[in-house]
Amino acid sequence: MSQEKFMPLVYQLDDVPPPPKAALAAVQHVLASIVGIATPSLIIGGALGLGAYTPYLIAMAFFVSGIATFIQCKTIGPVGSGLLSLQGTSFAFLGAILAAGFAVKARGGSPEDILAMIFGLCLVGSLVEIILSQFLDKLKRIITPTVTGIVITVIGLSLIKAGFTDFAGGAMAGEDLGKPLYLLMGSLVVAIILVMTFIGKPTLRISAIMIGLVVGTLVSSFFGMVNFGALGSASLFALPIPFKYGFDFDFGLFIPLAFLYLVTAIETSGDLTANSVISGQPVSGDLYMKRIKGGVLGDGVNSALAAIFNTFPNTTFSQNNGVIQMTGVASRHVGMWVGGILVILGLFPIVGSFFLIIPKPVLGGATLVLFSTIAVAGIRILSTEEMNLRRVYIMAVSFGLALGVTLVPDSTQNLPNFLKQVFAAPITLAGLSAIILSLAIPEDAQAKIEAAE
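Residues numbered from 1 in each chain as written. Predicted model: local features only at pLDDT ≥ 70, side-chain atom pairs only at ≥ 80, totals over all residues. Heavy atoms only, no water.

## Re the overall build of the protein
So, step 1. Regarding its fold elements, the protein presents 20 helices and 2 strands.
So, step 2. In terms of C-alpha radius of gyration, the protein reaches 22 Å, essentially the compact-globule figure of 22 Å for 453 residues.
So, step 3. Dimensions of the protein, computed from C-alpha atoms along their principal axes, come out at roughly 70 × 55 × 45 Å.
So, step 4. Looking at the 453 residues of the protein, the share that counts as buried comes to 53%.
So, step 5. Relative to all contacts within the protein whose residues are 6 or more apart in sequence, the contacts with residues 24 or more apart total 83%. (Helix = DSSP H or I, 4+ residues; strand = E, 2+ residues; numbered from the N terminus. Rg over C-alpha atoms; globule rule 2.2 N^0.38 Å. Buried < 20%, exposed > 50% of the residue type's maximum accessible area, 1.4 Å probe, protein only. Contact = heavy atoms within 4.5 Å.)

Okay, structure coming up:
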């Protein structure tokens, strides 16, 4: 793959654009990422009943994403890729985080207990990625496209239930769940996202989800579905406080998260490779490997900062590669502008409160598309390798087990608590199954079967 396939660059990696042009490019990156940064906190807050805590969580998501983006673009010692690579809250961890939150809630834990556990797990988990960043070559022998594709597909499929519940009115809708008006609003958002994506304008495509949320909220306000009360109760300024909700840890709940940090390390190396291609940088050699290792290390360090400052794991945002293509601006100095804008947004929780007035069906329409896209991304990864009997059975068993515990959650109820926490998590079960089967079934299994016939 070569740079000639992409739009010619106006500003190269180390160029310094004039402030007006740098600011304009930065705003486009922020617009492309702002919904993706805020939505995981919004989903987690809504699903776990965190209510008044959510605006602060969203604010900290912006704040840490700004700091993390600055580190990734600027580099501090060995930390950071030095590319125009944005960091944001990762959707990949949603399933495992929600599972941990529900487990604490089932024990009678308060919202602060839930958050203490989640951030404690995430902080320890970030050490996994920090360590693994130095062994990426060896990881690729274990975390193959088959394993990665299975895990990402299961992540998307496991989240669709949450997205579609909101689409139909939300978990608190009661007897109104599936009300025609709710389904209509969710469908409207999906339709708007599709129209904006395929209308042929790059700017509209990048902003499709935001446009869908804004238009959906405006239309639903005429039906009395928008509650502006959240804006009145939001504080204007938020001071980032390390470990605001405390720190807790549970090894059984930790396993699913730890596995996802391993998968994220591989995903990030792919995102940074794509970024290098688009930015006209090498994708082999010492400089390339230094950037990949620094970027994955940056992922781990930034996820640790996220846990310390009360938000969820950070990872590179692949959608911003599209902004580089659209604008022709690959200058990493633009990333510092992006970081500054996000930090400023993070200091004002009232910005996050605007996301709380979005009606559940409107949010569900957007998240349904996002989560389904995650599943499709996994399928695309699976399609990159030739299909054979070995891969078919690895996929079949892994998907079967993962979807089995999702559809029949009581199937693990008689296992010891530790094993239950591990095997009841579809993401972990899918990943472990795929890795074990990949190691157990030899690569030449297909040839042996054909020779025996």
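## Re helix α3 (residues 94-106)
So, step 1. For α3, with 13 residues, the first-to-last C-alpha span of 18 Å sits near the 18 Å given by 1.5 Å per residue.
So, step 2. Where α3 is concerned, the buried positions are Leu 94, Ala 96, Ile 97, Leu 98, Ala 100, Gly 101 and Val 104.
So, step 3. Buried positions along α3 lie against α1 (19-47), α4 (111-132), α6 (145-167), α11 (251-278), α16 (360-382) and α19 (426-440).
So, step 4. The first or second residue beyond α3 is Gly 108, which carries a positive phi of 90 degrees. (Expected span 1.5 Å × (residues − 1).)

## Remarks on the packing of aromatic side chains
So, step 1. Taken as a whole, this structure holds 10 aromatic pairs when the rule is applied.
So, step 2. Between the aromatic rings of Phe 119 and Phe 312, the centroid separation amounts to 5.4 Å while the plane-to-plane angle is 40 degrees, which identifies the pairing as tilted. Taken as a pair, Phe 119 in helix α4 and Phe 312 in the loop between α12 (286-308) and β2 (314-316) lie far apart in primary sequence, 193 residues in all.
So, step 3. Using a relative accessible area of 1% as the deciding quantity, one classes Phe 119 as buried.
So, step 4. Pairwise contacts between aromatic rings join Tyr 53, Tyr 56 and Tyr 245 into one cluster. (Phe/Tyr/Trp six-rings, centres within 6.5 Å; stacked < 30°, edge-to-face > 60°.)

## Structural notes on the nonpolar core
So, step 1. Within the largest apolar cluster, 75 residues are counted, with the highest numbers of intra-cluster contacts made by Ile 44, Ile 97, Ile 118, Ile 150, Ile 155 and Phe 371.
So, step 2. With 12 residues, the top contributor of residues to this core is α11.
So, step 3. Those residues in contact with Ile 155, other than ones at most four positions away along the chain, are Phe 91, Ala 92, Leu 260, Ile 374 and Ile 427.
So, step 4. Ala 26, Ile 34, Phe 62 and Ile 193 belong to the second largest nonpolar core, which has 41 residues in total. (Core = buried A, V, L, I, M, F, W, Y, C linked by side-chain atoms within 4.5 Å.)

## Describing the side chain of Ser 279
So, step 1. With respect to the element layout, Ser 279 can be found in the loop between α11 and α12.
So, step 2. Only 2.8 Å separates the side chain of Ser 279 from the backbone oxygen of Asn 275, close enough to count as a polar contact. (Polar contact = N/O pair within 3.5 Å; in protein donor to acceptor, adjacent residues only side chain to side chain.)

## A few points about the packing of α1 against α16
So, step 1. Following both chains from N to C, one finds α1 and α16 inclined at 120 degrees, their axes separated by 12 Å at the closest point. By the angle between their directions, the pair α1 and α16 is classed as oblique. The element α1 and its partner α16 pack so that their crossing is left-handed. Contact with α1, carried on its side by Thr 39, Leu 42, Ile 43 and Gly 46, involves Lys 360, Leu 363, Thr 367 and Phe 371 of α16 and no other residues of that element.
So, step 2. Taken together, the residues of the contact of α1 with α16 break down into 4 nonpolar, 3 polar and 1 charged. (Axes fitted to C-alpha atoms, helices over the stretch in contact; angles between N-to-C directions. Parallel < 35°, antiparallel > 145°, perpendicular 65-115°, else oblique. Left-handed = near helix turned anticlockwise from the far one by under 90°. Nonpolar A, V, L, I, M, F, W, Y, C, P; charged D, E, K, R; others polar.)

## What to know about the environment of Val 147
So, step 1. With respect to the helices and strands, the residue Val 147 is situated in helix α6.
So, step 2. Taking the C-alpha atoms as reference, Val 147 lies 24 Å from Leu 368; in sequence the two are 221 residues apart.
So, step 3. Those residues in contact with Val 147, other than ones at most four positions away along the chain, are Ile 142, Gly 431, Ala 434, Ile 435 and Ser 438.

## With respect to a nonpolar patch on the surface
So, step 1. Taken together, the side chains of Leu 236, Phe 237, Leu 239, Ile 241, Ile 344 and Phe 348 define a hydrophobic patch exposed on the protein surface, amounting to about 590 Å² of accessible area.
So, step 2. Position of Ile 241 among the secondary structure elements: in the loop between α10 (229-233) and α11.
So, step 3. In this structure Ile 241 comes out as partly exposed when scored by relative accessible area, which is 34%. (Patch = residues over 30% accessible without salt bridge, like charges linked within 9 Å, V, L, I, M, F, W, Y side chains within 5 Å. Areas by Shrake-Rupley, 256 points an atom, 1.4 Å probe, with all protein chains shown as cover. Salt bridge = Lys/Arg side-chain N within 4 Å of Asp/Glu carboxyl O.)

## Concerning the environment of Lys 293
So, step 1. Looking at where Lys 293 falls in the secondary structure, it is placed in helix α12.
So, step 2. Separated by 147 residues in the primary sequence, Lys 293 and Ala 440 place their C-alpha atoms 29 Å from one another.
So, step 3. Once residues within four sequence positions are removed from consideration, Lys 293 is found in contact with Ser 133, Gln 134 and Leu 136.

## A word on helix α2 (residues 54-74)
Residues spaced three or four apart along an α-helix point in a common direction, a consequence of the helix completing one turn every 3.6 residues.
So, step 1. Over its 21 residues, α2 extends 30 Å from the first C-alpha to the last, a length consistent with the 30 Å expected when each residue adds 1.5 Å.
So, step 2. Where burial is concerned, most of α2 is hidden: 18 out of the 21 residues are buried.

## Quick word on the pattern of salt bridges
So, step 1. Throughout the structure, instances matching the rule amount to 3 salt bridges.
So, step 2. Salt-bridge contacts for Arg 332 lead to Asp 14; the nearest nitrogen and oxygen are separated by 3.0 Å. Taken together, the residues span a long stretch of sequence, with Arg 332 in the loop between α13 (319-327) and α14 (333-346) and Asp 14 in the segment before α1 at a distance of 318 residues.

## Topic: the packing of α11 against α19
Relative placement of two packed helices is described by the angle separating their axes and the distance separating the axes.
So, step 1. It is at 9 Å that the axes of α11 and α19 come closest, and there the two elements cross at 60 degrees. The angle between α11 and α19 falls in the class oblique. Judged by the twist between their axes, the crossing of α11 over α19 is left-handed. Residues Ile 255, Pro 256, Phe 259 and Leu 260 of α11 pack against Ile 427, Thr 428, Gly 431, Leu 432 and Ile 435 of α19.
So, step 2. In terms of residue class, the contact of α11 with α19 is built from 7 nonpolar, 2 polar and no charged.

## What to know about the side chain of Ser 331
So, step 1. Secondary-structure assignment places Ser 331 in the loop between α13 and α14.
So, step 2. Its relative accessible area of 0% is what places Ser 331 among the buried residues.
So, step 3. Contact partners of Ser 331, with chain neighbours within four places excluded, come to Tyr 11, Gln 12, Leu 13, Asp 15, Val 16, Pro 17 and Leu 84.

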